[in-house]
Amino acid sequence: MAAIKKDQSTSLIVKVQNGVTESGQAKYAQRSFASINPAASDDNLLAAGTAIGALQSHAVGMVMRQDVCTLGEE
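Being a predicted model, the structure only gives us computed values, none of them experimental.

J.: How should the overall build of the protein chain be read in this particular structure?
T.: Secondary structure assignment for the protein chain yields one helix and three strands. Secondary structure of the protein chain in N-to-C order comes out as β-β-α-β. Its C-alpha atoms put the protein chain at 50 × 25 × 15 Å along the principal axes. Going through the 74 residues of the protein chain one by one, you find that 15% of them count as buried. Taking contacts inside the protein chain between residues at least 6 apart in sequence as the whole, the part at least 24 apart equals 65%. As presented, the protein chain carries roughly 5300 Å² of accessible surface, and 50% of it is formed by carbon and sulfur atoms. Of the charged side chains in the protein chain, 6 are positive and 7 negative, and the gap between their average positions amounts to 9 Å.

J.: For this particular structure, what's the right way to read the sheet that holds strand β1 (residues 3-20)?
T.: Where strands meet in a sheet, backbone hydrogen bonds hold them as pairs that are either parallel or antiparallel. Across the sheet, three strands lie side by side as β2-β1-β3; this open sheet has antiparallel pairing. Strand pairing shows two members of the sheet lacking a second neighbour, β2 (26-36) and β3 (60-73), which therefore form its edges. Neighbour-to-neighbour, the strand axes of the sheet open up by a mean angle of 25 degrees, direction not taken into account.

Criteria and cut-off values
- Residues numbered from 1 in each chain as written.
- Predicted model: local features only at pLDDT ≥ 70, side-chain atom pairs only at ≥ 80, totals over all residues.
- Heavy atoms only, no water.
- Helix = DSSP H or I, 4+ residues; strand = E, 2+ residues; numbered from the N terminus.
- Buried < 20%, exposed > 50% of the residue type's maximum accessible area, 1.4 Å probe, protein only.
- Contact = heavy atoms within 4.5 Å.
- Areas by Shrake-Rupley, 256 points an atom, 1.4 Å probe, with all protein chains shown as cover.
- Lys, Arg positive; Asp, Glu negative; His and termini not counted.
- Charge placed at Lys NZ, Arg CZ, Asp CG, Glu CD.
- Pairing = 2+ DSSP bridges.
- Axes fitted to C-alpha atoms, helices over the stretch in contact; angles between N-to-C directions.

Limitation: the analysis is restricted to geometry and does not speak to function.
Take a look at the structure:
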């Protein structure tokens, strides 16, 4: 039987640099936005994450998409 995806949810995560560690490495914080439409394209999520990042006082380190779903059989 083939596996199928069910109950998919998507989140947009924007990582911002909020300082440095004692060793000089960049330190990051995450801004998470849940309940994103799973049909949203990667290009649209990147544009949204970049726009949200522009509103932050800290520099954006990364824009991420997180998809979670349940796998089942047909």
